[in-house]
Amino acid sequence: MESNERYYRRRAIQEIAAARRAVTESAQARRRELAESYLRRLSELTGSDESRMLDWSSEALVREFA
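Residues numbered from 1 in each chain as written. Predicted model: local features only at pLDDT ≥ 70, side-chain atom pairs only at ≥ 80, totals over all residues. Heavy atoms only, no water.

1. Let's talk about helix H1 (residues 4-21)
Inclusion rule: Strands here mean DSSP runs of E at least two residues long; helices mean DSSP runs of H or I at least four residues long; both are numbered from the N terminus. To estimate how far a helix should reach, multiply one less than its number of residues by 1.5 Å. We call a residue buried when its accessible area falls under 20% of the maximum for its residue type, exposed when it is over 50%, and partly exposed in between, using a 1.4 Å probe and counting protein chains only.
For H1, spanning 18 residues, the distance from its first C-alpha to its last is 26 Å, which sits close to the expected 26 Å at 1.5 Å a residue. Residues of H1 that are buried include every one of Tyr-8, Arg-9, Arg-11, Ala-12, Ile-13, Glu-15, Ile-16, Ala-18 and Ala-19, and no others.

What follows is the structure in structure tokens.
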């Protein structure tokens, strides 16, 4: 069974990737909000700040957390 920490990290990464592929601004915003919510839950669980994953310009950073 997957841990909550791993699940939230994986879902955040998936939403960040989906936001990058989004065609419309509204779709990108929705996906980004979902990613932020997963990162908030992850931060509550681990006590660490994972918001650097939202840096849209860093593809390598997202791969680091995958």
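2. Observations concerning the nonpolar core
Applicable threshold: Here the nonpolar core consists of buried residues drawn from Ala, Val, Leu, Ile, Met, Phe, Trp, Tyr and Cys, with membership extended through side-chain atoms lying within 4.5 Å. We call two residues in contact whenever any of their non-hydrogen atoms come within 4.5 Å of each other.
By size, the foremost hydrophobic cluster in this structure holds five residues: Tyr-8, Ala-12, Tyr-38, Leu-39 and Leu-42. The element contributing the most residues to this core is helix H2 (residues 25-46), with three residues. If near-sequence neighbours (up to four positions away) are discounted, Leu-42 is found in contact with Glu-5, Tyr-8, Arg-9, Gly-47 and Glu-50.

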